[in-house]
Amino acid sequence: VFRSRDGGRSWQHVLFRDAESGAIDLSIDPSNPRVVYAACWQAIRRPHELVSGGPGSGLFRSSDGGDSWEELTRKPGLPTGVLGKIGVVASPARAGRVWAIVEAEDGAVFRSDDYGESWTRLSEDRELRQRAWYYMHIYADPRDAETVWVLNLRAWKSIDGGKSFIQMPIPHGDHHDLWIDPNNSNRMIEGNDGGATVSLNGGRTWSNIYNQPTAEFYHVTTDNQVPYRVYGAQQDNTTISVASRSNLAGITRSDWFDIGGGESGYIAVDPRKPNIIYAGSYGGFLTRYDHTTGQRQNINVWPEASLGWGANQLKYRFQWTYPTMLSPHDPKVLYVTSNHVHRSTDEGMSWEVLSPDLTRNDKTRQEPSGGPITRDNTGAEYYDTLFAFAESPVQPGLLWAGADDGLVHVSRDGGASWQDVTPPAALLPDWALISIIEPSPHDPATAYLAATRYKHDDFRPYLLKTADYGASWQVITGGIPADDFSRVIREDPVRRGLLYAGTETGLYLSFDDGGHWQRLGGNLPVVPIHDLVVKDDDLVLATHGRSFWILDDISPLQQMASARAQLFAPRPTIRFYTNRGFGRATGPGNNYQGTGASMITYRMVDRPDGTKKEVLVDAGQNPPDGVLVNYFLATEPDEEITLTFLDAADNEIKTFSSRPKGNGDKKEPAVPAKAGLNRFVWNMRYPEGVTVPGAMFRSGGVDGPTAPPGSYTVQLTVGSESFTQLFEIRKDPRLPASDDDLQAQFQLLLEIRDKLSDAHGAVNRIRKLRPQVEEWQRRGEAADHAPIAETAQSIAETLTTIENVLIEPRLQVPKDPLHFPPKLNAKLAALVGVVSSADARPTRQSYEVYEKLAGEIDAQLDALAAVVETDVPRLNGLVRQAALPAVP
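Residues numbered from 1 in each chain as written. Predicted model: local features only at pLDDT ≥ 70, side-chain atom pairs only at ≥ 80, totals over all residues. Heavy atoms only, no water.

1. Observations concerning the environment of serine 68
By the secondary structure assignment, serine 68 is in the loop between β6 (58-62) and β7 (70-71). Its relative accessible area of 39% is what places serine 68 among the partly exposed residues. For the pair serine 68 and lysine 674, spaced 606 residues apart in sequence, the C-alpha to C-alpha distance is 59 Å. In this structure serine 68 touches Arg61, Ser62 and Ser63, once residues within four positions along its chain are discounted. (Helix = DSSP H or I, 4+ residues; strand = E, 2+ residues; numbered from the N terminus. Buried < 20%, exposed > 50% of the residue type's maximum accessible area, 1.4 Å probe, protein only. Contact = heavy atoms within 4.5 Å.)

2. Let's talk about the side chain of serine 62
One can find serine 62 in strand β6. On the basis of relative accessibility, which here comes to 0%, the residue serine 62 falls in the buried class. At 2.8 Å, the side chain of serine 62 forms a polar contact with the side chain of aspartate 64. (Polar contact = N/O pair within 3.5 Å; in protein donor to acceptor, adjacent residues only side chain to side chain.)

3. As for the packing of helix α4 (residues 824-835) against helix α5 (residues 844-882)
Running from N to C, α4 and α5 point in directions that differ by 155 degrees, and their axes come no closer than 10 Å. In terms of their interaxial angle, α4 and α5 are classed as roughly antiparallel. Like other packed secondary-structure pairs, α4 and α5 cross with a definite hand, here left-handed. Here Leu824, Lys827, Leu828, Leu831, Val834 and Val835 of α4 lie close against α5, whose contacting residues are Ser846, Val849, Tyr850, Leu853, Glu856, Ile857 and Gln860. When its residues are assigned to classes, the contact of α4 with α5 shows 9 nonpolar, 2 polar and 2 charged. (Axes fitted to C-alpha atoms, helices over the stretch in contact; angles between N-to-C directions. Parallel < 35°, antiparallel > 145°, perpendicular 65-115°, else oblique. Left-handed = near helix turned anticlockwise from the far one by under 90°. Nonpolar A, V, L, I, M, F, W, Y, C, P; charged D, E, K, R; others polar.)

4. A word on the sheet that holds strand β28 (residues 324-326)
Read across the sheet, 4 strands follow the order β28-β29-β30-β31 without closing on themselves; strand pairing throughout is antiparallel. Edge positions in the sheet fall to β28 and β31 (352-353), since each has one partner strand and no second. Inspection of the sheet shows strand β30 (residues 341-344) paired to β31 by 2 bridges, in the antiparallel sense. Residue pairing across strands places histidine 342 opposite valine 353, the latter belonging to β31. (Pairing = 2+ DSSP bridges.)

5. Quick word on the side chain of serine 338
Of note, serine 338 is situated in the loop between β29 (334-337) and β30. In this structure serine 338 comes out as buried when scored by relative accessible area, which is 0%. Beyond its immediate sequence surroundings of up to four residues, serine 338 is in contact with Tyr316, Arg317, Phe318, Thr385 and Leu386.

6. Points about the sheet that holds strand β45 (residues 538-543)
Spatially, 3 strands are ordered β44-β45-β46 in an open sheet, and the strand pairing comes out antiparallel. Bordering the open sheet on either side are β44 (529-535) and β46 (548-551), each of which pairs with just one other strand. Within this sheet the neighbouring strands show an average axis-to-axis angle of 20 degrees, counted without direction. Pairing between β45 and β46: 4 bridges, direction antiparallel. Within β46, the residue paired with valine 540 across the bridge is isoleucine 550.

7. Let's talk about the nonpolar core
Formed by 42 residues in total, the largest nonpolar core has its most connected members in Ile752, Val773, Leu799, Leu806, Leu828 and Leu875. Contributing elements (two or more residues each) for this core: α2 (739-782), α3 (786-806), α4 and α5. Apart from residues lying up to four places away in sequence, valine 773 is in contact with Ala792, Ile795, Ala796, Leu799 and Leu875. (Core = buried A, V, L, I, M, F, W, Y, C linked by side-chain atoms within 4.5 Å.)

What follows is the structure in structure tokens.
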């Protein structure tokens, strides 16, 4: 135990038990903070076992703020045998009252009312003390001396001082921490293996655990659907398949489902039939899940119950997280590993052993785990197992296997024979855990491995490479801190020698085959990266505590070269549909999300610059919706930079600037111009139409249509230098619509935009012209010049009539259309929503409605033209004849 008296600037070592024991719990008596209780625990966790308990475990008290300590371990009433883990808490509501929960053969919950001098045995319910090493904390209510909580697999509350306990309905199991507001016992925060949850009524009800992205994923894989889905197993939760993109504004609970297996396994998805998913878990558990039927068949290699037994009693030793993989060359071949490699060619209906035992098979490390008080054999400590496995993506039958005891083997004949290619101890010390083996996607002789030895108090990163099938190895960790141990390494499938590595604190990148590494930051939190995959041009991460993260479009990393400025070729962009056309009432050009928008919640948060922004609540973030244009600037330019988009005929569509100008009610997005990598997202829309200030639409708007599938060009201009790249926009491959259908849709939307612009241009012209005419009416009346006054009045009335046919100026709030029927512009804007409601050829009736509305608008445009070409000159002639002063 350490104590600080200056706010943590310096510390004193005030309690030391022995080298094999550590302080595990601490409680200060709020009524007298000089009284401090501490529990010590003799424990060790090796890769193959956990030992909990021994002479070092004990309970201590200080009455002078930690200067001196007295042992309470053998005070009257406490257990007399070997002790394990102990939890202790002083009651804030009654001086001298203290509880302890003790792991022992005769363990129980104990209470003292005399500062620990004597103890009363209370509840002996084993549910309070099961898996003692994992739990064993106790919490006192700050206001009620009879209320005390114990957390374990379930959460328990006593209101009779600890004599009896009732289970509390917290929405997840495996409970570890509890905070009770010292001023309001009804207000609580509880931490468990599923996340955190809040109660405002003393624990009767709790908030949802799904409002924080805290999932702990062991591994990650993807499928070949469009958009692709991401798969993984969550510690102490379900396996999961989640969409990488949603049709809604964010990725919600409706976009994911569990897929069999369990909390700790690998996932393998059939590339031919993505509804068939293989998912594992500890104990060798393995399922074949069919999402079409919802059925999950148990296809364990050896379906004999193993829970509670030591590894030495098992036919096959399966790790907590054992590999499960489909062959990249033949999706009928399914591999899993125990201490052997197993193969199935009939979707798990039968298995063959493909290798001998490829581990050290050290029987001294296969005994039952736990003890000397409580055994704990979940499978987490099963040892001498194969932890990593892969088949070369470029050479069928080239198999790599790595063990949790440090051995590495390779087979170049489909498993018929195996060669020990373990790196020498000078490069990789013995008993390392081989976490990932990554066969190169470019060269069959090359492979990479990531290993860890933190379970041996060695926190160095271990990343190694072979270029000769394992005959020799080299360490490739330059640039990674010496205490940031590594878990995964992958090679980019496009650019040879471009490597990604996940460590205990984040993500690293190497452009030179591991010679030098640099950290990738951005908005990625500091978190363990247990696995990662490159899917198309995305980098998908499995974090252990912050869920899945996707870096959208890594093609700039694949294309990076030394240059003062570089425009990267945009990857092909798929036109995904995201609720276009069903918006609610909006201002010009700003549509709400449509169908399903009620499933999305937003919250306003403060930016560092004092402005606010909307963020999604309880939802994952969709990837950027548009063409991702990435470019590199060696230095921040002084001059303006622009991005121009052109169609296949080199006609300019739209230009964006680093110094954007306002455009009516909207401001164009600025082109980033900072030193380093920059990204601009073009939403694929053509320029919007003419707007009328303050106009409101029930649906639709003046946005330009989305660019149809085809070839395009982007041009980056930095001062006098220009760079161009071709790119492609593709239709969603799931659509039945053809490119011609989408071209027809585009052409009709373009016509609607232009006709709507004509109508709005006419309204804007009327609103400039009418005040002048009305002024001449007033002047004519003042000068008693009836011809001028009457002509001006007639023109003003005609202009008002035309405007009121084109637009309803009284629309101000969303429900106004119920009282003031929308006019031609709003009807035409609504047709935008109809035509763009899906990626499809417009219906015949849409064309018919357009022709009707366009004809009616043209009639009003003709009427306006007549006013301008005939009536206005006549008025001007009358004014000149009367020689009246000009209107300013």
